[in-house]
Amino acid sequence: MEKKFVLFILMFNMFIAMSGVGLIIPIMPKFLGTFGAAGLVLGFLIAVFSFAQFIFSPLAGDLSDKHGRKKIIIIGLIINGLSQLAFSFSTELWMLFVARFFSGFGSAFIVPPMMAFVADITTVEERGKGLGLLGASMSLGFMIGPGIGGFLANISLYFPFYFAGGAALFAALLSTFILPNPTPAVSEGMADKKPENLIKQLKRSTKTSYFVILIVMFVFSFGLANYQSTISLYVDHKYGYSPSQIAVLITVGGFVGVIVQTFVINPLFKRFGEMPVILCNLLVAAFSMLAILFVNMFWTILLVATIFSVATSLLRPAVNTLISKLAGEEQGFAAGMMNAYMSLGNMIGPALAGSIFDINITFPYLLGTFILLICALIASIWSRKNKELIAQTRTT
């Protein structure tokens, strides 16, 4: 089957899965209000989702190396779809947490196998473009999802959940009949290897050639989650922005990020390589996060927010592509660990940012800037020590 068509199906699946995540954002306050719950419960629901991703992403990547990407993706889509329906049918708070945990479980079984699938069907030269397009579909889902959810909520408060669940199950059915199942390029030793638990996999990740890049994934995910979880609160507290103004800040940056991931990623990788893109955008993300504190007009805040969004949009595919090139035959394992480290950042970032935001609204941005700069320094030192290894990724 033609690679472009397979990539389109993977992008469609990713879009459906991620729009399902974003779709419920605008209705959560009212939905949780029916349980007498508010912000604290929402924060824990986000953490539970990310925690499940953290636990199961390495397992999903490992299983996809042994049993093929297609089966694991379909299982993930089914779990994701059923968990969305279960969330809407919940009558107690604990049911919401169980449903959200399984939603994170399903997401963990979708993202790493899809990234590994792209690595299977692309050459080294094509990989950056392929992962960039997959990342663009992820970003597009996050961006469009809330708008769809807000529109569907006019029909019923529960209808967005039905729609998200049905869409995920439809994607699973479509994948069953259309998506091919190429054999992952793993050695016999890898195929016969017994599954490792999460702790062993995390320990093994520290011994890989790309461990520092996994740390980069964790740090920038932490910074992105830090920013996303507090920016609406920050502009509301400091400037009294309306929900529509906040929506513009988030949507414009996301839209520009999708365009960059679709059209700019591959030329950048071909000209400069992934590592320079990572180092440059860590610095851009750090200074744009800091700059938020020094601008006070709407258009200047919008500009800085968009620059930050573009930097993070370039970072994710650059990190994914570099790790994929360094992973060799362990594409599933590498993709699983990438998603695990990303989920860890998504889990810790909002919790810490929310806590220090209550102390001082500038603290999340000062901390985020500091951590991103330290990460850029560590990545720079690593890249200097591993010049030959990085050079091989551009010639392989």
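The name an unreviewed UniProt entry assigns to the protein chain is MFS transporter, from the organism Sporosarcina contaminans. In UniProt, the protein chain has this text filed under Subcellular location (unreviewed entry): "Cell membrane".

### Details of the overall build of the protein chain
Secondary structure assignment for the protein chain yields 18 helices and 0 strands. Rg of the C-alpha trace for the protein chain: 20 Å, near the compact-globule value of 21 Å for 396 residues, within the 12% margin. In terms of overall dimensions, the protein chain has a C-alpha envelope of 55 × 45 × 35 Å along the principal axes. For the protein chain, the proportion of its 396 residues judged to be buried stands at 54%. Looking at the protein chain alone, contacts between residues at least 24 apart form 87% of all its contacts between residues at least 6 apart. Summed over its atoms, the accessible surface of the protein chain is roughly 16800 Å², and 71% of this surface lies on carbon and sulfur atoms. Where the 25 positive side-chain charges of the protein chain centre and where its 16 negative ones centre are 4 Å apart.

### Comments concerning the pattern of salt bridges
Considering all chains together, one arrives at 5 salt bridges under this definition. Residue R69 pairs with D120 through a salt bridge whose shortest N-O separation is 2.6 Å. You can see R69 sitting in helix α4 (residues 69–89) and its partner D120 sitting in helix α6 (residues 111–121), a full 51 residues away along the chain. A relative accessible area of 26% places D120 in the partly exposed class. K325 serves as the salt-bridge partner of E274, at 2.9 Å between the closest nitrogen and oxygen. Remark: K325 occurs in helix α15 (residues 298–327) and E274 occurs in helix α14 (residues 274–291); sequence separation between them is 51 residues. Via salt bridges that share partners, D65, R69 and D120 belong to a single interconnected network.

### Notes on the nonpolar core
In this structure, L10, Y210, I213, M275, I278 and L282 are the most contacted members of the largest nonpolar core, which totals 87 residues. Of all the elements, α15 adds the most residues to this core, at 15 residues. Those residues in contact with Y210, other than ones at most four positions away along the chain, are I323, L326, A327, F333 and A334. If you look at the next biggest cluster of nonpolar residues, it comprises 12 residues, including I24, F31, L45 and A99.

### Some details on the packing of helix α16 (residues 331–357) against helix α17 (residues 363–385)
At a closest axis distance of 8 Å, the pairing of α16 and α17 adopts a crossing angle of 135 degrees. Classified by the interaxial angle, the pair formed by α16 and α17 is oblique. In this structure, α16 contributes L352, A353, I356 and F357 to the contact, and α17 contributes F363, P364 and L367.

### Focus on the packing of helix α7 (residues 124–152) against helix α8 (residues 159–178)
The interhelical angle for the contact between α7 and α8, taken along N-to-C directions, is 130 degrees, at an axis separation of 8 Å. In terms of orientation, α7 lies oblique with respect to α8. Side by side, α7 and α8 meet where I148, G149 and L152 of the first sit next to F159, P160 and F163 of the second.

### Concerning the packing of aromatic side chains
Considering all chains together, one arrives at 13 aromatic pairs under this definition. When the ring of F89 is compared with that of Y162, the centres are 6.0 Å apart and the planes differ by 40 degrees; the resulting orientation is tilted. With F89 in helix α4 and Y162 in helix α8, this residue pair connects regions lying 73 residues apart in the sequence. Judged by its relative accessible area of 53%, F89 is exposed. When its relative accessible area of 33% is taken as the criterion, Y162 is described as partly exposed. Plain terms: the ring middles of F211 and Y341 are 6.5 Å apart, the flat faces sit at 75 degrees to each other, and that makes the pair edge-to-face. Taken together, the positions of F211 in helix α11 (residues 211–239) and Y341 in helix α16 put the pair 130 residues apart, joining distant regions of the chain. A relative accessible area of 25% means that F211 is categorised as partly exposed. An aromatic cluster is built from F56, F101, F102, F105 and F109, whose rings are joined through pairwise contacts.

### Details of the confidence of the model for the protein chain
Residues of the protein chain with pLDDT of at least 70 account for 92%, and the chain-wide mean is 83. By mean pLDDT, the top-scoring element of the protein chain is α14 (94), and the lowest-scoring one is helix α9 (residues 188–192) (50).

### Some points on the side chain of N13
In this structure, N13 sits in helix α1 (residues 3–23). When residues no more than four places from it in sequence are discounted, the contact partners of N13 are I73, L77, M114, A171 and S175.

### Quick look at the environment of F159
Within the secondary structure layout, F159 lies in helix α8. Separated by 167 residues in the primary sequence, F159 and L326 have C-alpha atoms spaced 44 Å apart.

### Focus: a nonpolar patch on the surface
A cluster of nonpolar side chains, contributed by F255, I259, F263 and V264, occupies part of the molecular surface with about 390 Å² of accessible area. Within the fold, F263 resides in helix α12 (residues 243–263). On the accessibility criterion, F263 (61% relative accessible area) is exposed.

### Some remarks on the environment of I323
Along the chain, I323 falls in helix α15. Residue classification places I323 among the buried positions, given a relative accessible area of 0%.

### Describing the side chain of T122
Among the structural elements, T122 can be located in the loop between α6 and α7. A distance of 2.6 Å separates the side chain of T122 from the backbone oxygen of V118, its partner in a polar contact.

How each quantity is defined
Residues numbered from 1 in each chain as written. Predicted model: local features only at pLDDT ≥ 70, side-chain atom pairs only at ≥ 80, totals over all residues. Heavy atoms only, no water. UniProt positions renumbered as here; feature names shortened; annotations may be inferred. Helix = DSSP H or I, 4+ residues; strand = E, 2+ residues; numbered from the N terminus. Rg over C-alpha atoms; globule rule 2.2 N^0.38 Å. Buried < 20%, exposed > 50% of the residue type's maximum accessible area, 1.4 Å probe, protein only. Contact = heavy atoms within 4.5 Å. Areas by Shrake-Rupley, 256 points an atom, 1.4 Å probe, with all protein chains shown as cover. Lys, Arg positive; Asp, Glu negative; His and termini not counted. Charge placed at Lys NZ, Arg CZ, Asp CG, Glu CD. Salt bridge = Lys/Arg side-chain N within 4 Å of Asp/Glu carboxyl O. Core = buried A, V, L, I, M, F, W, Y, C linked by side-chain atoms within 4.5 Å. Axes fitted to C-alpha atoms, helices over the stretch in contact; angles between N-to-C directions. Parallel < 35°, antiparallel > 145°, perpendicular 65-115°, else oblique. Phe/Tyr/Trp six-rings, centres within 6.5 Å; stacked < 30°, edge-to-face > 60°. pLDDT = per-residue confidence, 0-100. Patch = residues over 30% accessible without salt bridge, like charges linked within 9 Å, V, L, I, M, F, W, Y side chains within 5 Å. Polar contact = N/O pair within 3.5 Å; in protein donor to acceptor, adjacent residues only side chain to side chain.

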